[in-house]
Structure formats: C-alpha cells, structure tokens
Amino acid sequence: MATHELEVDDAIWDRWTASLPEDTTPDRRISDLLIADLEGRLDEADSADADPASPPYDCPLCEEAFPSLDDRDRHLVEDHEVAIL
C-alpha cells in the first residue's frame, strides 16, 4: 500500500471531512473516490443519462444494492454474518 501526501485548502478539507459519515475515514473515502474514477463512475453523476436511484454496490449474496461500500459491508456483516477482513 502506498502513502501519499496531498495539499488541500484547509477550508475545503474541513468542509469535506465534516460531510463524511461518522463510520467513514477520509482515507477510505479517498480510496472509494479513486476507484469510482477508475471505473468511470464519477462522470456518471454529471451525466443526464445517469440514474441516481441505482446504487453501484451490489451484495454478492442477495439482490440488494447499496449507495456505498460501507453500507454494503455493514449489510454483509449484519444480515449475512460475513466477516470482512
């Protein structure tokens, strides 16, 4: 795993980190954003064709879909008793 340093205006960083859910760390959210960018999902939010009601994270054990990896992982642990490593 690589460690990187980035420079962000304090006001932007404070506003962004304050908007994160309590159970989501900035590192996890940045990682999620990088993956979404690689998969081309960041541009979809700006697209007129994008369907905001279609979450991108499907449960591999049932047909439910979730708006974030954290929500999907919580579902796997609580509903399917899967250990996330």
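Residues numbered from 1 in each chain as written. Predicted model: local features only at pLDDT ≥ 70, side-chain atom pairs only at ≥ 80, totals over all residues. Heavy atoms only, no water.

## Points about the packing of helix α1 (residues 10–19) against helix α2 (residues 26–38)
For step 1, the next point in the chain: Two elements in contact, α1 and α2, have axes whose closest approach is 10 Å; the angle formed by their N-to-C orientations is 95°. By the angle class used here, α1 and α2 are roughly perpendicular. Counting all contacts with α1, which are made through W13, W16 and T17, the residues of α2 involved are P26, R29, I30 and L33.
For step 2, the next point in the chain: Considering only residue class, the contact of α1 with α2 consists of five nonpolar, one polar and one charged. (Axes fitted to C-alpha atoms, helices over the stretch in contact; angles between N-to-C directions. Helix = DSSP H or I, 4+ residues; strand = E, 2+ residues; numbered from the N terminus. Parallel < 35°, antiparallel > 145°, perpendicular 65-115°, else oblique. Contact = heavy atoms within 4.5 Å. Nonpolar A, V, L, I, M, F, W, Y, C, P; charged D, E, K, R; others polar.)

## Focus: the layout of surface pockets
For step 1, the next point in the chain: Taken as a whole, the second largest pocket holds about 360 Å³ of empty space.
For step 2, the next point in the chain: Forming the walls of the second largest pocket are M1, A2, T3, H4, L6, W13, D27, I30, S31 and L34.
For step 3, the next point in the chain: Element by element, the count of residues in the lining of the second largest pocket is highest for α2, at four residues.
For step 4, the next point in the chain: Residues belonging to the lining of the second largest pocket are distributed by class as follows: six nonpolar, three polar and one charged. (1 Å grid on protein atoms, 1.4 Å probe; cavity = no way out; pocket = protein on both sides within 12 Å on 5 of 7 lines; lining within 4 Å. Points joined across faces, edges and corners; volume = space filled by probe spheres on them.)

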